[in-house]
Structure formats: structure tokens, C-alpha cells
Protein chains: 2
Amino acid sequence: MQRLILVLVLLVSVVGNAYASEPLLVEKQSFSFENYTTVGGETIPEVTIGWESYGELNAAKDNVILITHFFSGNSHAAGKYSADDALPGYWDSIIGPGKAIDTNKYFVISSDTLVNAFANDPNVITTGPASINPETGKPYGLDFPVVTIRDFVNVQKRLLESLGIEQLHAVVGASMGSLQALEWSVAYPDAVERMVSVIGAGAMDAWTIMALEHWARPIKHDPNFNGGDYYDGEAPLTGVASTLAMITQQAMHPVIMNMRAPKPEVLPEAALESVLNSTPVLDYLFANSLARAPLADGNHILYLVRANQLFVAGHQGDLASGLANVKAKTLFLPASNDLLLQPYLAKQAADILTEQGKAPQYEEIEGLWGHLDGLFSIPSKADTLKAFLESE
Amino acid sequence: MQRLILVLVLLVSVVGNAYASEPLLVEKQSFSFENYTTVGGETIPEVTIGWESYGELNAAKDNVILITHFFSGNSHAAGKYSADDALPGYWDSIIGPGKAIDTNKYFVISSDTLVNAFANDPNVITTGPASINPETGKPYGLDFPVVTIRDFVNVQKRLLESLGIEQLHAVVGASMGSLQALEWSVAYPDAVERMVSVIGAGAMDAWTIMALEHWARPIKHDPNFNGGDYYDGEAPLTGVASTLAMITQQAMHPVIMNMRAPKPEVLPEAALESVLNSTPVLDYLFANSLARAPLADGNHILYLVRANQLFVAGHQGDLASGLANVKAKTLFLPASNDLLLQPYLAKQAADILTEQGKAPQYEEIEGLWGHLDGLFSIPSKADTLKAFLESE
């Protein structure tokens with residue numbers, strides 16, 4: 001069994017590398033506009049988000065595929081900013097010349113969301129609680145309005161409009177990106193021809209809303225949190241690290257995590273000395289999370305958690321009412337071993353669309369990564385994706 | 001599908017109630033002894049634990065079944081302390097006269113562990129960081145030695161010896177109780193005839209060790225924690241509540257949680273007003289956890305987390321070396337939908353025993369509760385359990 005697993009992992013890795021050869025060189029760009037009114041009815045005086053694109057926009061502007069990013073991700077979906085970059089964008093295995101999302105055909109555009117978690121990452125351009133409130137000259141903190149997935153979509157719509165784009169050949173997103181992709185097809189049904197939801201959901205259920213709250217509490221209860229007003233002092237990095245560690249561990253299936261983490265030691269001396277002492281297994285997760293924490297912003301994570309918690313496609317009475325709007329062809333690709341957004345969530349949306357006579361396509365990604373199969377095992381669905389994008 | 005689920009749940013509930021009719025009246029007892037030396041080589045001057053029993057010890061003292069409890073449980077496995085009690089002990093559906101663990105035949109004994117999580121519950125008798133250190137007259141706090149699952153077993157052995165019991169017809173435990181049950185059969189192979197591991201594991205893997213650490217961090221990082229020295233001040237109840245909420249949510253499969261929790265509201269006003277505002281779904285979990293928090297002790301939870309993190313049956317070089325000691329007949333009953341201790345953990349132990357030629361019995365509990373199927377769906381394995389206990 002272990003041998004089989006290793007073979008499978010190597011296979012995935014080889015397939016991934018084959019796809020990932022010669023990444024495009026890409027450039028991060030910025031888009032700003034004024035006076036955005038949120039779903040909640042508040043106005044944000046100035047919104048700026050980052051974006052990047054792969055391939056060329058054709059004259060008819062009808063070859064556009066929008067990529068929407070996951071919770072801890074950003075617009076960097078493919079290519080490298082510099083040939084020296086250690087890694088290309090997260091979906092480089094499927095976005096590029098001749099790949100499943102073929103940049104020889106399509107103009108692929110990917111944007112940062114509002115309230116991006118890693119607000120302090122120099123490659124992220126976002127607007128959120130850590131941004132300067134022009135009315136006060138200080139960071140918004142919790143004065144920033146609560147935003148929803150629909151707000152992410154509306155801001156992306158403004159970005160596309162600024163480029164003269166009215167129509168999407170497809171919108172494709174993984175995890176939180178899948179919520180945006182589906183919301184696009186509900187909010188702007190005439191603008192979206194195809195929708196691909198990878199490791200996604202149609203609505204958050206009570207269980208997942210609770211699971212998301214576990215990500216919020218370490219930040220809310222960090223002694224440095226101070227009601228979100230910590231920009232003049234110490235950031236709530238202990239809480240942020242706890243949250244990042246949960247996300248990392250929950251997004252990975254035990255099989256892969258156990259292969260990558262150190263082997264647990266038998267009765268390690270330090271662990272027997274004090275319950276406060278760490279072990280190599282714990283360091284593997286938590287030291288890494290603490291190292292990444294300064295790039296994230298605690299308030300931004302709280303806003304992302306809330307946006308996800310509030311998600312039901314269409315934000316109408318129930319999911320079926322929202323999905324009734326959908327005109328796009330739809331493809332759902334949940335991951336069989338996903339422990340974070342389990343396949344029943346995508347299946348629920350697909351089943352409702354089927355009941356509505358819309359013939360969604362549904363296939364599960366098989367893999368050993370769990371939720372992360374949506375990123376790392378996506379090459380196994382490259383043919384499905386390519387055929388879906390080429391279909392009439 | 002929803003209708004099928006409801007029928008199944010009602011069925012489980014009816015079967016459970018049938019088994020639970022006329023619970024025994026039981027009495028909590030206390031056992032103390034002095035100078036216990038831990039696996040880590042530290043001495044605890046005085047140990048006191050609670051216990052209770054169901055059925056009668058025979059003259060040969062060879063009809064004993066030991067029940068070992070789960071992380072948030074205690075010795076109250078069956079019966080009621082008073083006829084007025086709202087609920088009987090957690091496994092009353094399978095422990096009692098004529099039930100799977102038949103108290104007409106067996107003397108069933110169940111004990112509280114060291115460092116029980118709910119140290120402040122009047123029905124729990126335990127020794128741990130909240131106990132008074134006789135050397136200082138104050139609670140131990142983190143001066144209490146780190147203890148292991150083997151320590152829980154060794155203390156239970158002393159309890160049994162005080163009753164003149166040298167031999168166990170069986171040891172049966174769920175979750176953390178399964179670790180104790182297996183450890184009994186490794187540590188005292190000649191004393192254990194049968195071992196039943198319900199929703200259990202043979203060793204903690206890296207993934208589960210990390211998952212357990214998420215339960216520890218809210219307490220360690222609560223502003224009131226103060227290095228575990230909080231007994232003269234405010235207890236770290238916010239952290240404890242976060243931990244209890246995680247345990248509750250992770251022990252339940254989404255199907256059951258979604259049926260029991262309030263339906264998520266569409267864009268509730270309070271949730272749109274501030275990321276700090278709660279919702280009925282969140283209140284359902286967190287208000288309940290906060291209400292239970294004062295009965296738990298933060299340090300005790302940290303010690304339980306550590307005991308579980310350190311577990312590999314036998315605490316030897318690897319799991320196979322530990323299991324090589326086992327002479328008992330073994331039965332593993334993981335739950336198919338368990339998200340907390342997934343079935344692969346029990347299967348790993350069973351597979352090693354099979355390789356060692358020991359013919360373990362392995363069956364999965366089917367149910368919709370997830371980890372809690374080990375408690376609530378156990379009646380579905382009553383016949384298996386009964387036959388196993390009656391087998392030669």
C-alpha cells in the first residue's frame with residue numbers, strides 16, 4: 001500500500017512537472033476605482049486590487065477566462081514574475097500555451113480579491129482593513145465594511161469592464177475561488193458562458209461555517225488583537241500562526257502529511273518534560289506557520305472567514321433560488337479525499353442544477369492530497385477541463 | 001436522501017432507547033494510593049481517581065471487563081447515579097443486564113483517568129495539574145509531571161489490584177479509551193484476554209498529532225493562562241471554550257451537525273455589521289462550549305493532548321514492536337465516517353496484528369455521526385461485541 005502511494009505521488013509529481021515546463025513570464029498589475037458600494041450597503045472610497053494575465057485578448061474580446069483565487073492564494077495562478085522564481089503560479093500545470101487552459105487561445109486573467117489574507121505579501125495588491133482609510137489617514141481596522149463573495153465578484157466585474165470585457169468564455173476557481181466562480185454565474189448569468197468549480201461548494205453549511213470560525217478565534221482572542229486596532233503596535237501573529245497552521249493541516253490529507261512530516265519520536269525527552277515543549281512534528285507545522293504569519297493580516301483573515309461563512313450562491317432565500325439564475329454550462333471537480341470542503345458540498349449544487357434541468361458535469365479528482373488535490377492533482381482533470389472549455 | 005437519513009437516525013435512536021431502558025443505579029467510588037512513578041520517571045505523591053462498576057465480581061474474580069474512557073468523558077459508562085438523571089452513562093446502550101456487555105455475567109468496572117479534562121465536574125475524581133501538590137499546599141499547575149496513556153493504564157492496574165483483580169476478561173474503550181485498551185494488552189499481555197478498540201488507533205500519526213495541537217493552542221495562548229498558574233485568578237475559559245468547540249465540531253460528521261444546528265441565515269444583519277458579531281449557527285456551537293468550559297480545566301486538557309500525542313502502543317521503537325507483545329484476542333471497531341480518528345488508524349494496527357499472525361477482528365461502524373458513531377451507533381455492533389466477549 002505504501003509503495004502504491006509512493007508510485008501515485010511520483011506519478012502526480014511527474015505529470016505536474018511535465019505540464020509546468022517553461023512557465024510564462026508575467027507581470028503583476030494594479031486596478032483602482034472609487035466609491036464601491038458593498039452588498040451590505042457601505043461605501044469604500046477607493047478600491048485597489050492586483051491582477052495579472054496570460055495570453056492575448058482578441059479583438060472581439062470574447063476569449064476571456066477569469067481565474068478566481070482560494071483563501072490563502074492570490075492572483076498568481078500561472079507563470080513566473082522572474083525566471084529566477086522558485087515556483088510558478090499555483091495552476092501553472094493547467095494554464096499556459098497548449099495546456100488545458102490554453103493561453104494560445106484564451107486571454108486568461110486572474111485578480112486578487114478584496115481583503116486578501118496575505119495583505120503584507122509584496123506580490124499581493126488588495127484593499128481591506130489594513131488599507132489606509134482616506135477619511136482618517138489611518139488603517140481602517142474593523143471600520144472596513146464586511147464584504148461578501150458577491151463583492152469580490154463585483155470588483156472583478158469593474159476590473160473587466162475597465163478592459164472593455166463584457167463576456168466570459170469561462171470563470172474557473174478553486175475552493176474560495178469556486179465560490180466566486182459560481183457567484184459570477186448567478187450574479188451575471190448572461191456574462192458567463194462556462195463555470196468551473198474546483199474543490200468547491202454552492203453554499204456553506206453549518207458544519208463548515210463552524211469550521212471556519214475555528215480559524216477566526218485564535219486571531220480574535222490574541223492578546224495583541226485589540227479589537228482589530230493593532231496597526232500601531234504588535235500584530236496578533238501568534239493567533240495568525242495558529243490559523244495558518246489549521247488551514248495547512250486541514251487542507252492536507254493524512255497520507256501526504258504523514259509522508260512529508262518528520263516521523264513522530266517515541267517518548268521524546270522534551271515532550272515528557274513539559275506540555276509547553278514542542279516536538280519536531282509540531283515544529284514542522286507551527287514553525288512554518290509562524291514564519292509566514294507576518295505576511296498575513298489578522299483582520300483580513302477575519303474578513304475572509306466572514307465572507308466565506310456568509311456564502312450561499314446568489315445570497316437569496318436558498319441555494320436553489322440562487323442557482324435558478326445560472327445560464328452557464330457548469331463543471332464541478334471536487335476532490336474525493338477533501339476533508340475541508342468535502343465533495344457533498346459540490347454535489348449538492350450539482351444536484352440542484354440537475355433538478356433544474358441544467359445538466360452540470362461532475363467528476364471527482366482522485367488523489368492523496370485532500371483539499372490540495374484541487375491544486376496538485378488538477379493535471380489528472382486536464383482533458384476534462386480542456387474539453388469543457390472547448391465545448392459549445 | 002434526507003428522508004433516508006432521518007429514518008436511519010430515528011432507527012438508531014429507537015434502538016438506543018430500547019437498549020437503554022431501566023438503567024442500573026450506580027455509585028461513584030474513589031481510589032487512592034501513594035507514590036506513583038510515571039513513565040517519565042517522576043513521582044506523584046498521592047493519586048486519587050474515581051471509578052464505578054456494574055454487575056458482580058465472581059468468587060474467582062475472572063469475570064472482569066474494564067471500560068476506559070474517551071478524551072472528554074469520565075468513568076460514567078452506564079447506569080444513572082439517581083433515577084432522576086436526565087441521561088445514563090455514555091455506553092448504557094451496550095452495558096447492562098442482558099446487553100452486549102452483560103452485567104448478569106460480567107463485573108464491569110470503569111475508571112476516571114489521570115488528568116481528566118473535566119476536573120471541575122463534581123462527578124469526576126482525578127489527579128492532575130489542578131490537584132493540590134502536598135509539598136506546596138497549592139495546585140501543581142505545570143509542575144505536575146507529563147503523563148502518558150501507559151500511566152493511565154498503570155493507575156487502573158493499581159485500582160484493580162486493590163480489588164484483588166489480576167485478570168481481565170476484556171478491556172473495552174472508545175477513542176482515547178481505545179488507546180488505553182490497546183496499551184493494556186501490550187503492557188500486561190498475560191492479564192488481558194480480549195481487547196476491543198472502538199473508534200481507535202494503534203499510534204498517533206503526524207497529522208493527528210498536529211490536529212491535537214490545535215486543541216492545545218487556544219489554552220496556551222489565552223491571556224489568562226499565565227504559564228498554567230491561573231488557580232488564584234481567572235481561568236483561561238475563552239481558550240477552553242475554543243478547544244471544546246473544536247472537539248465537538250470535529251467529532252461530528254457534517255450530516256448530523258447540519259441536521260441539529262440552526263439553518264444558516266441569508267446575509268444576517270449582525271454578521272454584515274461586524275466580523276466580531278456572532279450568528280445563530282455559531283452560537284449553537286460556541287455558546288454551548290463556553291457554558292461547559294468552567295467544568296473543564298485548561299491544564300488538564302493540555303496534559304490529555306500531550307498524552308494522546310505521545311501515544312504509540314508500547315512506547316517502543318515502533319508500533320509493530322509494541323504490538324508484538326499482544327496476546328489478547330482483538331476486535332477493532334472504527335467508524336466509517338469518522339473525521340477525527342479516521343479508520344486508517346485502527347486498520348494500521350489491525351494489519352500489523354494480522355501480519356503477526358494474531359487474527360484481529362475488524363469491522364467498521366456505519367453511521368452519520370462521524371467519530372461519535374463510537375458512542376451513538378455502537379448498538380449496531382452489539383451482536384459482534386457480544387459474540388466476541390463470549391468467544392474462547
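Per an unreviewed UniProt entry, chain A carries the name Probable acyltransferase and comes from Pseudidiomarina sediminum. What UniProt states about chain A under its Sequence similarities (unreviewed entry) heading is, verbatim, "Belongs to the AB hydrolase superfamily. MetX family." UniProt lists a comment for chain A under the heading Subcellular location (unreviewed entry), and it reads "Cytoplasm".

Sites flagged by UniProt as "domain: AB hydrolase-1" (unreviewed entry) map to residues 134-373 of chain A. Span residues 134-373 of chain A is 46% helix and 8% strand, its end C-alpha atoms 41 Å apart.

Listed by partner, the interface residues are 62 residues for chain B and 62 residues for chain A. Counting each side, the surface lost to burial between chain B and chain A is near 5,200 Å², with a carbon and sulfur contribution of 71%. Of all residues in chain B, Trp207(B), Met210(B) and Val275(B) give up the largest surface area on contact with chain A, accounting jointly for 14% of the area buried on that side. Across the chain B-chain A interface, the total number found is 0 salt bridges. Those elements that provide at least two residues to the side of chain B that touches chain A are α4 (206-220), α5 (237-250), α6 (254-260), α7 (269-273), α8 (280-292) and α9 (298-309) of chain B. Of all the elements, α4(B) adds the most residues to the side of chain B that touches chain A, at 9 residues. Across the side of chain B that touches chain A, the residue classes tally to 38 nonpolar, 17 polar and 7 charged.

Below, the discussion takes up the pattern of salt bridges. Under the criterion given, the structure shown has 22 salt bridges over all chains. Glu390(B) is paired through a salt bridge with Lys105(B); the nearest N and O atoms lie 2.8 Å apart. On the criterion of sequence distance, the pair formed by Glu390(B) in helix α13 (residues 382-390) and Lys105(B) in the loop between β5 (101-102) and β6 (107-111) is long-range, its members being 285 residues apart. The class for Lys105(B) is partly exposed, based on a relative accessible area of 40%. With relative accessibility at 38%, the residue Glu390(B) sits in the partly exposed group. Several salt bridges share partner residues, and in doing so they unite Lys105(A), Lys386(A) and Glu390(A) into one network.

All names here are of chain B. With mixed pairing, 8 strands are arranged side by side in an open sheet as β1-β2-β6-β3-β9-β10-β11-β12. At either end of the open sheet lies a strand with only one pairing partner, and these are β1 (29-37) and β12 (361-362). Taken strand by strand, helix α2 (residues 149-162) contacts β1, β2 (43-54), β3 (64-68) and β6, and its axis lies near 120° from that of β1. Contacts from helix α11 (residues 343-355) reach β11 (329-333) and β12 within the one sheet, and its direction differs from that of β11 by about 160°.

Throughout the structure, instances matching the rule amount to 22 aromatic pairs over all chains. Seen from their ring centres, Trp184(A) and Tyr188(A) are 5.4 Å apart, and the 55° between their planes marks the pair as tilted. For Tyr188(A), a relative accessible area of 24% translates into the label partly exposed. Between Tyr90(B) and Trp91(B) the ring centres are 5.5 Å apart and the planes differ by 45°, which places this aromatic pair in the tilted class. Judged by relative accessible area, which is 16%, Tyr90(B) ranks as buried. The ring of Tyr188(A) carries Lys157(A) above its face, with NZ or CZ at 4.8 Å from the centroid.

Let's shift gears to the side chain of Lys157(A). Residue and element names in this part refer to chain A. If you trace the backbone, Lys157 turns up in helix α2 (residues 149-162). Overall, the relative accessible area of 15% leaves Lys157 in the buried class. Leave out the neighbours within four places in its chain, and Lys157 touches Trp184 and Tyr188.

Moving on to the pairing of β3(B). Each regular strand displays side chains that alternate between the two surfaces of the sheet. All names here are of chain B. Burial within β3 is extensive, with 5 of its 5 residues counted as buried. The alternating pattern of β3 places Val64, Leu66 and Thr68 on one face and Ile65 and Ile67 on the opposite face, and all of these are buried. Where β3 meets β6, 5 bridges bridge the pair, whose relative direction is parallel. By the bridge assignment for β6, Leu66 is matched with Ile109. Of the pairings in the sheet, the one linking β3 to strand β9 (residues 170-174) comprises 4 bridges and is parallel in character. Among the inter-strand pairings, Ile65 is bridged to a residue of β9, identified as Ala170.

Next up on the list: the side chain of Lys80(A). Residue and element names in this part refer to chain A. Inspection of the secondary structure assignment puts Lys80 in the loop between β3 (64-68) and β4 (95-96). Of the buried charged residues, Lys80 lacks a salt bridge, with Asp85 as the closest side chain of opposite charge at 6.7 Å. Within the local environment of Lys80, its side chain forms a polar contact with the backbone oxygen of Asp85, the two atoms lying 2.8 Å apart.

Turning our eyes to something else, we now look at the relation of the copies chain B and chain A. When chain B is brought onto chain A, the operation consists of a screw motion whose angular component is 180° and whose axial shift is 0.0 Å, with 0.0 Å RMSD remaining. Within this description, the copies of the chain are treated as partners about a two-fold rotation axis.

To continue, consider α13(B). Taken as a whole, α13(B) has its buried residues at Ala382(B), Thr384(B), Leu385(B), Phe388(B) and Leu389(B). Projected down its long axis, α13(B) shows its buried positions confined to an angular sector of 160°, all on one face.

Moving on: the pairing of β2(B). Residue and element names in this part refer to chain B. With respect to burial, β2 is a largely interior element, 9 of its 12 residues being buried. Pairing between β1 and β2: 8 bridges, direction antiparallel. Paired with Phe33 across the two strands is Val47, which belongs to β2. Taking the residues between adjacent antiparallel strands as the criterion, β1 and β2 are bridged by 5 residues, where Gly41 takes a positive phi near 90°.

Quick look at the confidence of the model for chain A now. Chain-level statistics for chain A give a pLDDT mean of 95 and a share of 94% at 70 or above. Note that residues 1-20 of chain A has pLDDT below 50 and, in this model, 20 contacts with residues that lie over four places away or in other chains.

Consider a sheet: its strands pair through backbone hydrogen bonds, and that pairing is either parallel or antiparallel. Residues and elements named next belong to chain A. Strand order across the open sheet formed by 8 strands is β1-β2-β6-β3-β9-β10-β11-β12, with mixed pairing between neighbours. Pairing within the sheet leaves two strands with one partner each, and these edge strands are β1 (29-37) and β12 (361-362). Bridge count for strand β2 (residues 43-54) against strand β6 (residues 107-111) is 4 bridges, and the pairing is antiparallel. Pairing of Trp51 across the sheet is with Ser111, part of β6. Sheet contacts for helix α3 (residues 176-187): β3, β9 (170-174) and β10 (194-198); angle to β9, the most-contacted strand, approximately 155°.

Cut-offs and rules
Residues numbered from 1 in each chain as written. Chains lettered and ligands numbered in written order. Predicted model: local features only at pLDDT ≥ 70, side-chain atom pairs only at ≥ 80, totals over all residues. Heavy atoms only, no water. UniProt positions renumbered as here; feature names shortened; annotations may be inferred. Helix = DSSP H or I, 4+ residues; strand = E, 2+ residues; numbered from the N terminus. Contact = heavy atoms within 4.5 Å. Buried area = accessible area lost by both parts, 1.4 Å probe. Salt bridge = Lys/Arg side-chain N within 4 Å of Asp/Glu carboxyl O. Nonpolar A, V, L, I, M, F, W, Y, C, P; charged D, E, K, R; others polar. Buried < 20%, exposed > 50% of the residue type's maximum accessible area, 1.4 Å probe, protein only. Pairing = 2+ DSSP bridges. Axes fitted to C-alpha atoms, helices over the stretch in contact; angles between N-to-C directions. Phe/Tyr/Trp six-rings, centres within 6.5 Å; stacked < 30°, edge-to-face > 60°. Lys NZ or Arg CZ within 6 Å of the ring centre and 35° of its normal. Lys, Arg positive; Asp, Glu negative; His and termini not counted. Polar contact = N/O pair within 3.5 Å; in protein donor to acceptor, adjacent residues only side chain to side chain. Least-squares fit on C-alpha atoms with pLDDT ≥ 70 in both. Arc of directions from axis to C-beta. pLDDT = per-residue confidence, 0-100.

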